[in-house]
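Okay, here's what each chain looks like letter by letter:
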Amino acid sequence: MELKTVVRRIKDGKVDPVYLLKGDDHYLQQFVIKEIEQTFFGSDVVDRQLLMPDELSNREIIESILKTDLFSSRRLFILRNAHQIRDPFKKRLVEYCQNPVPNHCLVIIDDEFSSKYAIIRDIGNSINSINTTKPFESELRKWIAYFFKERGKQVTGEVISAVLEIAGDSVYHAANEVEKICLGLTNEEEITAELVKKFSGWRREHRQWEFITAIGNKQESRSILLGKTLLAQGISLIALLYQLSALFQEMLFIKIAAGTSQTRTGYIPLSTSVRKKLPEFTQRYNYAEIEKALELLGAIDYRIKNYVINDENELSLFIFNLFGLNE
């Protein structure tokens, strides 16, 4: 099923109980999930849970999506790496897709559009899959126009072509490029192809403290943009993990020490500006969120040491999962 058709249905208030997203464009994956959240939960608090077979047992995953409460609360589940689920739970997952729990929405994500796994094919036989691979150029042009329109900017085809030339490798990069351009504009400045090229050459150096501050303030879009920029500047993912771990460890200490006379001693590997804002950052996160952030960082550290990974994808997924938990 085409993504635009699915999104149109969701905007019309028709949220399906199960979705299968096939394709590795993480922006499109997140876009669909955000649309589901806005319609499915409305003004209510978002109840979203990420299910990962390498973090939860097969039994825990199946029991989570089957569990209901007395109030028939709405819950959204996002399942990645479903191919890692083994029998008898694999069979139960396929059966669930055929007969889902009311008021639950399950989004299954497979980065491979032509998946070789039997469980993905079996699930696809029960529901329509949604293509979340990088779109062709004609569709990507529409996305770029949409990103400008979303920010209240009307642009020409020449401007869209300029963005496509600079950041046409994925919807994610195109969205970041449009955001960078719009952030740098004055209110009355007209967007031209020349201006786009000017911003494509803009290499303002960002610092790690800016990224950590955005994380501390729960600024999702800015965190992704700054994280991507720092990686492009040559800052390693390991270096960013070190800073992130220090941030959440310090916030955890502040939470634990609240109401006591304990004082922190020793070197804190964070900039002075970040250290001054630690109490403010800590108020934005609860205890469970801080602990979960440290767990996510530990999982990334393990993957760095044991697998070949994509640094940008790992950092983007961390931010997405972090703020998904905090909504």
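Predicted model only: the values in this text are computed from it and were never measured.

Caption draft 1: Fine view of the state of the cysteines. Tallied over the full model, the rule gives zero disulfides. The thiol sulfur of cysteine 105 is not disulfide-bonded, and the nearest other cysteine sulfur, from cysteine 97, lies at 11 Å.

Caption draft 2: Main features of the confidence of the model for the chain. Scored by pLDDT, the chain comes out at a mean of 85, with 93% of its residues at no less than 70. When pLDDT is averaged over each helix and strand of the chain, the minimum, 77, is found for helix H9 (residues 193-200) and the maximum, 94, for strand S1 (residues 18-22).

Caption draft 3: Molecular detail of unusual backbone geometry. Of the consecutive residues aspartate 87 and proline 88, the connecting peptide bond is found in the cis state with omega at 5°. Tracing the sequence through the fold places proline 88 in the loop between strand S3 (75-80) and helix H4 (89-98). If you check the backbone angles, asparagine 81 has positive phi at about 55° while not being a glycine. Assignment of secondary structure puts asparagine 81 in the loop between S3 and H4. Given a relative accessible area of 26%, asparagine 81 falls into the partly exposed group.

Caption draft 4: A look at the pattern of salt bridges. Per the stated rule, a full pass over the model turns up 18 salt bridges. For aspartate 47, the salt bridge identified is with arginine 75, shortest N-O distance 3.4 Å. Here arginine 75 lies in strand S3 and aspartate 47 lies in the loop between helix H2 (26-41) and strand S2 (48-51), a separation of 28 residues in the sequence. Arginine 75 gets classed as buried once you look at its relative accessible area, which sits at 18%. Lysine 305 is the salt-bridge partner of aspartate 301, the closest N and O atoms lying 2.9 Å from each other. Taken together, the positions of aspartate 301 and lysine 305, both in helix H14 (residues 287-306) and four residues apart, correspond to about one turn of that helix. Overlapping salt bridges, with partners in common, bring together Glu55, Lys292 and Glu295 in one network.

Caption draft 5: Summary view of the sheet that holds S3. The strand order across the open sheet formed by five strands is S2-S3-S4-S1-S5, and the pairing between neighbours is parallel. Where the open sheet ends on each side, the last strands, each with one partner, are S2 and strand S5 (129-131). Between one strand and the next, the sheet's axes are offset by a mean angle of 20°, whatever the strand orientation. In terms of strand pairing, S3 meets strand S4 (residues 104-110) through six bridges, oriented parallel. By the bridge assignment, arginine 80 is partnered in S4 with isoleucine 109. Lying over the sheet, H2 contacts S1, S2, S3 and S4, oriented at roughly 165° with respect to S3.

Caption draft 6: Expanded view of the nonpolar core. Formed by 77 residues in total, the largest nonpolar core has its most connected members in Phe211, Ile215 and Phe248. It is helix H12 (residues 237-257) that contributes the most residues to this core, nine residues altogether. When sequence neighbours within four positions are dropped, the list of residues in contact with phenylalanine 211 reads Ser223, Leu226, Gly227, Leu230, Leu240, Leu244, Leu315 and Ile319.

Caption draft 7: Highlighting helix H6 (residues 137-150). The terminal C-alpha atoms of H6, which comprises 14 residues, lie 20 Å apart, in line with the 20 Å expected from a rise of 1.5 Å per residue. Along H6, the residues that are buried comprise Leu140, Trp143, Ile144, Phe147 and Phe148. The buried residues of H6 all sit within an arc of 135° when viewed along its axis, so they share a single face. Of the residues in H6, the exposed ones pointing more than 90 degrees away from the buried face are Lys142 and Lys149. Elements that come into contact with the buried residues of H6 comprise helix H1 (3-11), H2, helix H7 (157-167) and helix H8 (171-183).

Caption draft 8: Summary view of the packing of H4 against helix H5 (residues 118-126). At a closest axis distance of 9 Å, the pairing of H4 and H5 adopts a crossing angle of 15°. Comparing the axis directions of H4 and H5 gives the class roughly parallel. In the packing of H4 onto H5, the handedness of the crossing is right-handed. Touching Lys90, Leu93, Val94, Cys97 and Gln98 of H4 are Ile119, Asp122, Ile123 and Ser126, all from H5. Class assignment of the residues belonging to the contact of H4 with H5 gives a composition of five nonpolar, two polar and two charged.

What counts, and at which threshold
- Residues numbered from 1 in each chain as written.
- Predicted model: local features only at pLDDT ≥ 70, side-chain atom pairs only at ≥ 80, totals over all residues.
- Heavy atoms only, no water.
- Disulfide = S-S within 2.5 Å.
- pLDDT = per-residue confidence, 0-100.
- Helix = DSSP H or I, 4+ residues; strand = E, 2+ residues; numbered from the N terminus.
- Buried < 20%, exposed > 50% of the residue type's maximum accessible area, 1.4 Å probe, protein only.
- Salt bridge = Lys/Arg side-chain N within 4 Å of Asp/Glu carboxyl O.
- Pairing = 2+ DSSP bridges.
- Axes fitted to C-alpha atoms, helices over the stretch in contact; angles between N-to-C directions.
- Contact = heavy atoms within 4.5 Å.
- Core = buried A, V, L, I, M, F, W, Y, C linked by side-chain atoms within 4.5 Å.
- Expected span 1.5 Å × (residues − 1).
- Arc of directions from axis to C-beta.
- Parallel < 35°, antiparallel > 145°, perpendicular 65-115°, else oblique.
- Left-handed = near helix turned anticlockwise from the far one by under 90°.
- Nonpolar A, V, L, I, M, F, W, Y, C, P; charged D, E, K, R; others polar.

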